[in-house]
Amino acid sequence: MAVAPDIATLYAYESEIMPVWVQVLRDRGLNAFVEFDDATKETPFVDVFLEHVVPSGHQRFHSDNRLYWDAWHGWMVHKVYTQRGKNSDQQAPILKVIRQAAFDFSDVLNEALL
């Protein structure tokens with residue numbers, strides 16, 4: 001991710017990260033959306049949003065020896081929607097895909113995607 005010169009830039013990263021993360025989930029076969037997306041959603045689907053986002057408040061040196069603001073901290077929340085009796089048995093497999101993507105996030109969510 002690009003170096004953030006100020007706190008406002010850190011918050012702007014949210015608008016880049018959410019659609020890219022949704023695409024990562026779609027690439028893994030999930031029907032995923034940024035929360036409040038206007039698209040027609042059919043179950044099963046996953047809504048993704050950020051919560052409790054705050055900047056870290058300090059700087060550190062990047063691997064290229066430049067000083068930069070740390071990334072913000074926050075929770076990426078995934079809501080899984082299914083329809084009882086129709087596809088509710090897919091909740092556990094969907095959560096498995098989300099957890100595996102989160103485990104691999106540093107490989108799949110990289111500067112090339114952003």
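Remember, it's a predicted structure, so these values are computed and weren't measured experimentally.

Visitor: It is not clear to me how the side chain of aspartate 47 should be interpreted in this structure. Could you clarify?
Guide: With respect to the element layout, aspartate 47 can be found in strand E2 (residues 45-54). Looking at aspartate 47, the relative accessible area reads 6%, which means it is buried. Within the local environment of aspartate 47, its side chain forms a polar contact with the side chain of lysine 41, the two groups lying 2.8 Å apart. Setting aside chain neighbours within four positions, we find aspartate 47 in contact with Phe33, Val34, Glu35, Lys41, Val77, His78, Lys79 and Tyr81.

Visitor: Explanation requested: the sheet that holds E2 in the structure shown.
Guide: Strand pairs in the sheet, formed through backbone hydrogen bonds, run parallel or antiparallel to each other. Ordered by their spatial adjacency, 3 strands build an open sheet running E1-E2-E5, and the pairing between neighbours is mixed. The open sheet terminates on both sides in strands that have one partner only, identified here as strand E1 (32-34) and strand E5 (73-81). Within the sheet, the average angular offset between the axes of one strand and its neighbour, ignoring direction, is 30 degrees. Here E1 runs beside E2; their pairing, made up of 3 bridges, is parallel.

Visitor: Whenever I open this one, helix H2 (residues 91-103) confuses me. Can you help?
Guide: Taking 1.5 Å of rise per residue, 13 residues should cover 18 Å, and H2 covers 18 Å from first to last C-alpha, within 8% of that figure. Taken residue by residue, H2 has Ile94, Ile98 and Ala101 as its buried positions. Seen end-on, H2 carries its buried residues on one side only, within an arc spanning 65 degrees. Of the residues in H2, the exposed ones pointing more than 90 degrees away from the buried face are Ala92, Lys96, Arg99 and Phe103.

Visitor: How should I be thinking about the packing of aromatic side chains in this particular structure?
Guide: Both the distance between ring centres and the angle between the ring planes are used here to describe each pair of aromatic rings. Inspection of every chain in the model, using the stated rule, returns 2 aromatic pairs. A centroid spacing of 6.1 Å and a plane angle of 80 degrees characterise the contact between phenylalanine 33 and phenylalanine 45, whose relative ring orientation is edge-to-face. With phenylalanine 33 in strand E1 and phenylalanine 45 in strand E2, the pair connects residues that are 12 residues apart, well separated along the chain. With respect to class, phenylalanine 33 is no different from phenylalanine 45; both count as buried. The interplanar angle of 15 degrees and the centroid separation of 4.7 Å between the aromatic rings of phenylalanine 45 and tyrosine 81 together place this pair among those described as stacked. Remark: tyrosine 81 occurs in strand E5 and phenylalanine 45 occurs in strand E2; sequence separation between them is 36 residues. Residue classification places phenylalanine 45 among the buried residues on the basis of a relative accessible area of 10%. Cation over ring: arginine 26 sits above phenylalanine 33, and NZ or CZ is 5.3 Å from the ring centre.

How each quantity is defined
- For every chain, the first residue of the written sequence is number 1, and numbering continues from 1 onward in sequence order.
- Given that the model is predicted, a residue must reach a pLDDT of at least 70 before its local features are reported, and side-chain atom pairs must reach 80 or more before they are shown or counted; all residues, however, enter totals for whole chains, interfaces and linings.
- To obtain the side-chain values, all non-hydrogen atoms of the structure were included, while hydrogens and water were left out.
- The helix count covers DSSP runs of H or I at least four residues long, the strand count covers runs of E at least two residues long, and both are numbered beginning at the N terminus.
- Classification of residues uses two cut-offs on accessible area relative to the type maximum, computed with a 1.4 Å probe and protein chains only: under 20% is buried, over 50% is exposed, and between them is partly exposed.
- Any pair of nitrogen or oxygen atoms within 3.5 Å is treated as a polar contact; in protein, a donor-acceptor pairing is required on top of that, and neighbouring residues in sequence qualify only through side-chain atoms on both sides.
- The contact criterion used is simple: two residues touch if any of their non-hydrogen atoms lie within 4.5 Å.
- Strand pairing is assigned whenever DSSP identifies at least 2 bridges connecting the two strands.
- In this analysis an axis means a line fitted to C-alpha atoms, helices contributing only their contacting stretch, and an angle means the value between N-to-C directions, from 0 to 180 degrees.
- Expected helix span is given by 1.5 Å per residue-to-residue step, counting one fewer step than there are residues.
- It is the directions from the helix axis to the C-beta atoms that the arc portrays.
- The criterion for an aromatic pair is that two Phe, Tyr or Trp rings (for Trp, the six-membered ring) have centres within 6.5 Å, with stacked assigned to planes under 30 degrees apart, edge-to-face to planes over 60 apart and tilted to the rest.
- Distance and angle both matter: a charge sits over a ring if NZ of Lys or CZ of Arg is within 6 Å of the ring centre and within 35 degrees of the ring normal.

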